[in-house]
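Observations on chain architecture
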Protein chains: 2
Amino acid sequence: MKEVRIGLLGAGTVGSQVARILSEQNRELSERAGANLVLSGVAVRDVSKTREGIDPALITDDIERVIQEADLVIELMGGMEPARSAMLAALNQGKTVVTGNKAVLAAHGPELNEAAEAHDASLYFEAAVAGAVPVVYGLRESLAGDRINQVLGIVNGTTNFILDQMTTQGWSYEQALKVAQDLGYAEADPSADVEGHDAAAKCAILASLAFHTRVSIADVPTKGITDITAEDIEQAREAGYAVKLLAKAQRVLVDGVEQIALGVEPTLVPLTHPLAGINGPYNAIVLETEFAGRLMFYGAGAGGAPTASAVLSDVVAGAGHIAHGGHAPRESVYADLPICEPGKVLSSLQVRLEVSQQIGALAQVVQAYQEGGVSVASVRQPPVGDQEDQATLIISTHRATKNQHDDILAVLAKSPLVHKIASVMSVEEG
Amino acid sequence: MKEVRIGLLGAGTVGSQVARILSEQNRELSERAGANLVLSGVAVRDVSKTREGIDPALITDDIERVIQEADLVIELMGGMEPARSAMLAALNQGKTVVTGNKAVLAAHGPELNEAAEAHDASLYFEAAVAGAVPVVYGLRESLAGDRINQVLGIVNGTTNFILDQMTTQGWSYEQALKVAQDLGYAEADPSADVEGHDAAAKCAILASLAFHTRVSIADVPTKGITDITAEDIEQAREAGYAVKLLAKAQRVLVDGVEQIALGVEPTLVPLTHPLAGINGPYNAIVLETEFAGRLMFYGAGAGGAPTASAVLSDVVAGAGHIAHGGHAPRESVYADLPICEPGKVLSSLQVRLEVSQQIGALAQVVQAYQEGGVSVASVRQPPVGDQEDQATLIISTHRATKNQHDDILAVLAKSPLVHKIASVMSVEEG
Ligand SMILES: NC(=O)c1ccc[n+]([C@@H]2O[C@H](COP(=O)([O-])OP(=O)(O)OC[C@H]3O[C@@H](n4cnc5c(N)ncnc54)[C@H](OP(=O)(O)O)[C@@H]3O)[C@@H](O)[C@H]2O)c1
Ligand SMILES: NC(=O)c1ccc[n+]([C@@H]2O[C@H](COP(=O)([O-])OP(=O)(O)OC[C@H]3O[C@@H](n4cnc5c(N)ncnc54)[C@H](OP(=O)(O)O)[C@@H]3O)[C@@H](O)[C@H]2O)c1
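In this report, the structure presented in the accompanying data block is examined. (Residues numbered from 1 in each chain as written. Chains lettered and ligands numbered in written order. Predicted model: local features only at pLDDT ≥ 70, side-chain atom pairs only at ≥ 80, totals over all residues. Heavy atoms only, no water.)

1. With respect to the site of ligand 2
Residues and elements named next belong to chain B. Residues in close proximity to ligand 2 total 23 residues, the closest being Ala11, Val14, Asp46, Arg51 and Gly303. Val14 is positioned such that a nitrogen or oxygen atom in its backbone is 2.8 Å from an oxygen atom of ligand 2. Contacts to ligand 2 include Asp46, whose backbone N or O atom sits 2.7 Å from an oxygen atom. Within the complex, the protein chains bury 78% of what would otherwise be the 900 Å² of accessible surface of ligand 2. Residue classes in the shell around ligand 2 are distributed as 10 nonpolar, 8 polar and 5 charged. (Near = heavy atom within 4 Å. Polar contact = N/O pair within 3.5 Å; in protein donor to acceptor, adjacent residues only side chain to side chain. Areas by Shrake-Rupley, 256 points an atom, 1.4 Å probe, with all protein chains shown as cover. Nonpolar A, V, L, I, M, F, W, Y, C, P; charged D, E, K, R; others polar.)

Written as structure tokens, this is what we have:
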């Protein structure tokens, strides 16, 4: 069997598991690749740390040397630099790159893909979206015979865990975040997860694969979960919904032109929808397709070993190609659809208002909707608490553009009868 | 773009959809393949039928000619012959074959794979298992970096629909089958579905991919759903289970040797298990893996358009390889694990007995289990109906081999206190 030399950049949560499994399962992985997989170097920041199960002679902080000596480079350092430059360097040398780095892909994907194509190199990134869930393979290959209309995903396990704890334990956002941090599901600085940026990067990658169009993280309007309250979740439950942070990418027709509507935001999902039942730190992606109908992929979205599983699948594929010819699927951007202006994306909203008990508040709110041209599906007024001068109104709208919704919310914010716009959430139907 | 000529064998439920989508989506599919996809011939049995959307000039009953004139052959005739010979002929000519024919694959897979390898041809069969659900890609490629321990699948939509109707409507098996036939979910001769043979063929294919070992349908002990009664389902519900026809393939250690345990049978699945919630004619496959943990794939398991979606993904991949080099993954059988003797496969059972009300029946039953060396987890005695001389006992066992279970059932069958062994069902835990 031909030997394929593997250079590993990064030996942290994921990289250390890749090294371990590559060693423990070497015979099986090599058989499947049809090539002898040999770890040829491991680059880290701190060469003095002991790294269990990795030959100390392989450890270095010289990224360039690891790339030079390898046929296939696994990038698991994370962050923008030096990850981006390292991948570019490897691709420019015609080497195969496997990465889990959604941040670099969602910001610099085209640059990497062009380098791969120009130098007959390969770029694999199954681990960049939804950890072990093989949705990148799904979209790049298994569904190439269909036409994807919508991708809807729970792609961030940290926020799903937090929302789940808020739901089942009745905790506040802060309490749930603290527990997620204690359990290692959330990092000390949780902002990439809770503000939705991690999901937005994955949304961009999924959309580019589903719609054969370049999509960057900058195209994805993003809202995180930091404003979600226990009350939001409780009232959602009562109305038959779960609150989920969803990554959404949809084929839409706006002004007669086929476009891609994008977004990451907390969303009310009917309890009967398969995504409503995805609990804990799990990930799931629902694809609505023209011919196959609805498909769902479910599994562990993060963690060292699950993510390493995805990385090693790419390694087996990549090493197979190095040994026997072929390369990773090339970037497919033939469709080149425009990205729908955020203000023109349609959605149904559920809006919770705190209003004066005063007769007339309801009438004024309904009038604002009528004048704004947005049709109201229902208005509910939950039983009042002890605050005599205040009532809650929950308005569910039919579909309208974000601009229309925003205009009405601006009117409501100015009304003296509306004390507070307590919550605004998108609703996913069906 | 290079032209790839496609010969279609069969234009029935699936083939007609393949022809339609290939025509309607030709530009998109061709872009993805990087090759101009051209339908070059369509073989059918009855050339006089009108076939909407297919150029009559392409229709013929000359299978050989369609193969001759194509670069890529799609086999969607079904059945053993002439499907097997046609695929062999195409592969022997070095052509790419795409098929949905689980029957031929599960009986003659090695012969086809050897022909593909010998003539540098390609064999694709995503549509053969679970219709549109890309589990063949999943096992052949996306999970090549992991180690599969168990495959558990609802892979036959017809039986899942029937069991579902029996559950939700309280219907008998015969009533539910009739409705399934009226709705087109079951064929006039439903035996391949309801007797479990269709699921057994898929089980063999899944097991061969998951365990890198040749597995044939003859290796799969198979039991269908024809004996399931409304009472079985009702009593299962009460005990917290759904009745599902499962295809099972598991890595087991028997007598110190790693082996594959196989089976298709109606199984009690805890209502909390993800497979318990798969309703209607849908399919789902749960993979338990060493590193990624539990993964699930879900979607439409049959139907013209969904199955065509899977076929066309294979066509895009195959045409891409024809135009740009490479081939389908080769048969991977390096592990070559032995198949576990059916009598040695471990399972927990739930056994429902009709016994004499007589004191002593329970004692005798418990004694039979004790002497047979099978540990009883629980015995329930549901409230008695109006038959004074008869009681029902429901025994749940711990895990034991099939041989042990069978020996005890033989003893019980002979006991004068046991009127009837009303039901014996395997239980899936966790
Ligand atoms: N963790 C997950 O569950 C998960 C899931 C999916 C995708 N990913 C992605 O996988 C990648 C790695 O994540 P991770 O959680 O494994 O990260 P991590 O635990 O922080 O590990 C990063 C590794 O990279 C090394 N490194 C960082 N900067 C370096 C530099 N300038 N030069 C050399 N080595 C450097 C670190 O060295 P030291 O060990 O010396 O500090 C460490 O070994 C990220 O792109 C992440 O988004 C992670
Ligand atoms: N139906 C599904 O949902 C589904 C799902 C997954 C996989 N599959 C698999 O896909 C395959 C096709 O299924 P299907 O449901 O499409 O079958 P079908 O509706 O019975 O169609 C069979 C087609 O093959 C043609 N044919 C049969 N014998 C032939 C012969 N000797 N020479 C030439 N043509 C012949 C028939 O011609 P005429 O039209 O002239 O009769 C018909 O067009 C089967 O292997 C099946 O297991 C089906």
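Here the narrative resumes.
2. Digging into the state of the cysteines
Structurally, a disulfide amounts to a covalent bond that connects the sulfur atoms of two cysteines. All names here are of chain A. On inspection of all chains with the given rule, the structure shows 0 disulfides over all chains. Of all cysteine sulfurs in the structure, the one in Cys340 sits closest to Cys203, which takes part in no disulfide; the separation is 13 Å. Residue Cys203 is classed as buried on the basis of its relative accessible area, which comes to 1%. (Disulfide = S-S within 2.5 Å. Buried < 20%, exposed > 50% of the residue type's maximum accessible area, 1.4 Å probe, protein only.)

3. Some points on the sheet that holds strand 2 (residues 36-43) of chain A
Residues and elements named next belong to chain A. Spatially, 3-2-1-4-5-6 is the arrangement adopted by the 6 strands of the open sheet, whose pairing is parallel. Of all the strands in the sheet, just strand 3 (59-60) and strand 6 (122-124) have a single pairing partner and so form its edges. Of the pairings in the sheet, the one linking strand 1 (residues 3-9) to strand 4 (residues 72-75) comprises 4 bridges and is parallel in character. What sits directly across from Leu8, in strand 4, is Ile74. (Pairing = 2+ DSSP bridges. Helix = DSSP H or I, 4+ residues; strand = E, 2+ residues; numbered from the N terminus.)

4. Some details on the packing of helix 5 (residues 102-118) of chain A against helix 10 (residues 197-211) of chain A
Relative orientation and spacing of two packed helices are given, respectively, by the angle between their axes and the distance between those axes. Residue and element names in this part refer to chain A. At a closest axis distance of 9 Å, the pairing of helix 5 and helix 10 adopts a crossing angle of 50 degrees. Between helix 5 and helix 10, the angle falls in the class oblique. Two packed elements cross with a definite hand, and for helix 5 against helix 10 that hand is left-handed. Where helix 5 abuts helix 10, its residues Lys102, Leu105 and Ala106 lie against Asp198, Ala201, Lys202, Ala204 and Ile205. (Axes fitted to C-alpha atoms, helices over the stretch in contact; angles between N-to-C directions. Parallel < 35°, antiparallel > 145°, perpendicular 65-115°, else oblique. Left-handed = near helix turned anticlockwise from the far one by under 90°. Contact = heavy atoms within 4.5 Å.)

5. Some details on the packing of helix 6 (residues 135-142) of chain A against helix 10 of chain A
All names here are of chain A. Contact geometry of helix 6 with helix 10 gives a least axis separation of 9 Å together with a crossing angle of 20 degrees. The pairing of helix 6 with helix 10 is recorded here as roughly parallel in orientation. Note on packing geometry: the crossing formed by helix 6 with helix 10 is left-handed. Of the residues in helix 10, those in contact with Val135, Val136, Leu139 and Arg140 of helix 6 are Leu206, Leu209 and Ala210. Here the contact of helix 6 with helix 10 is composed, by residue class, of 6 nonpolar, no polar and 1 charged.

6. Concerning the side chain of His212(A)
On the secondary structure map, His212(A) appears in the loop between helix 10 and helix 11 (230-238). Under the relative-accessibility criterion, His212(A) is labelled buried at 10%. At 3.3 Å, the side chain of His212(A) forms a polar contact with the side chain of Arg32(B). Discounting residues that sit within four places of it in the chain, His212(A) has contacts with Ala207(A), Ser332(A), Val333(A), Tyr334(A), Ala335(A), Asp336(A) and Arg32(B).

7. Description of the interface of chain A and chain B
The interface of chain A with chain B comprises 36 residues on the first partner and 36 residues on the second. Note on chain A versus chain B: buried area summed over both sides is about 3,500 Å², and carbon and sulfur give 57% of it. Counting every contact that joins chain A to chain B gives 2 salt bridges. With a shortest N-O distance of 2.5 Å, Glu28(B) and Arg147(A) are connected by a salt bridge. Seen at the junction of chain A and chain B, the total is 22 residue pairs in polar contact (both at pLDDT 80 or more). Taken together, the residues of the side of chain A that touches chain B break down into 20 nonpolar, 7 polar and 9 charged. (Buried area = accessible area lost by both parts, 1.4 Å probe. Salt bridge = Lys/Arg side-chain N within 4 Å of Asp/Glu carboxyl O.)

8. Re the site of ligand 1
Residue and element names in this part refer to chain A. Around ligand 1, a shell composed of 23 residues is seen, among which Ala11, Val14, Asp46, Arg51 and Gly303 lie nearest. Within the backbone of Asp46, one N or O atom sits 2.7 Å away from an oxygen atom of ligand 1. A distance of 3.2 Å separates an oxygen atom of ligand 1 from a polar side-chain atom of Lys102. Coverage of ligand 1 by the protein chains reaches 78% of its 900 Å² of free accessible surface. Residue classes in the shell around ligand 1 are distributed as 10 nonpolar, 8 polar and 5 charged.

9. Brief notes about the packing of aromatic side chains
Residue and element names in this part refer to chain A. The tally for this structure, following the rule as stated, stands at 5 aromatic pairs over all chains. Aromatic pair Phe161 and Tyr185: ring centres 4.6 Å apart, planes at 50 degrees, arrangement tilted. Taken together, the positions of Phe161 in helix 7 (residues 157-169) and Tyr185 in the loop between helix 8 (173-182) and helix 9 (191-194) put the pair 24 residues apart, joining distant regions of the chain. Since its relative accessible area comes to 36%, Tyr185 is described here as partly exposed. (Phe/Tyr/Trp six-rings, centres within 6.5 Å; stacked < 30°, edge-to-face > 60°.)

10. Thoughts on the relation of the copies chain A and chain B
At an RMSD of 0.0 Å, chain A and chain B line up after a rotation of 180 degrees and a shift of 0.0 Å along the axis. Viewed as a symmetry operation, the transformation between the two copies matches a two-fold axis. (Least-squares fit on C-alpha atoms with pLDDT ≥ 70 in both.)

11. Description of the pattern of salt bridges
All names here are of chain B. Across all of its chains, the model carries 44 salt bridges over all chains by this definition. Between Glu81 and Arg84 there is a salt bridge, with its nearest N and O atoms 2.6 Å apart. Residue classification places Glu81 among the partly exposed residues on the basis of a relative accessible area of 42%. Measuring nitrogen to oxygen at the nearest pair gives 3.0 Å for the salt bridge that ties Lys344 to Asp255. In this pair, Lys344 is assigned in the loop between helix 12 (304-324) and strand 12 (346-356) and Asp255 in the loop between strand 8 (241-254) and strand 9 (257-270), connecting sequence segments 89 residues apart.

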